[in-house]
Amino acid sequence: MLPEYFGKESFFGDETPLPLWSGYAIVLGFGAFFSLVTTAMVYLDKRYNNTEHTSEFFNTAGRSVKTGLTASVIVSQWTWAAT
């Protein structure tokens, strides 16, 4: 660290680069945008592909996941839990 930055709490000095409201607007805006996009995609999938979205469909990905991927997920979860 350069000596001129010792004891400094922020690289930008006393002022933040963006106002507080813009941070909230960005986070809430992206959240609302992706929520609407996801909702629209699910609606279109139900309407044009006639898929029924239940908890069983969600947990098994509509039975489209093969055993190799399922086995690798189980092994990775066990490995993560063991560390």
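Some points on the overall build of the chain
(1) Moving on: Scanning the chain from N- to C-terminus turns up 3 helices and 0 strands.
(2) Moving on: Each helix and strand of the chain, placed in order from N terminus to C terminus, yields the pattern α-α-α.
(3) Moving on: The C-alpha radius of gyration computed for the chain amounts to 23 Å, which surpasses the reference 12 Å derived for 83 residues by more than 25%, pointing to a less compact arrangement than a globule.
(4) Moving on: By element, 67% of the accessible surface of the chain is carried by carbon and sulfur atoms, the whole surface being about 8000 Å².

Brief notes about unusual backbone geometry
(1) Moving on: Positive phi is not limited to glycine here, since asparagine 50 has a value of about 55°.
(2) Moving on: When you line up the elements, asparagine 50 lands in the loop between α1 (20-49) and α2 (55-60).

How each quantity is defined
Residues numbered from 1 in each chain as written. Predicted model: local features only at pLDDT ≥ 70, side-chain atom pairs only at ≥ 80, totals over all residues. Heavy atoms only, no water. Helix = DSSP H or I, 4+ residues; strand = E, 2+ residues; numbered from the N terminus. Rg over C-alpha atoms; globule rule 2.2 N^0.38 Å. Areas by Shrake-Rupley, 256 points an atom, 1.4 Å probe, with all protein chains shown as cover.

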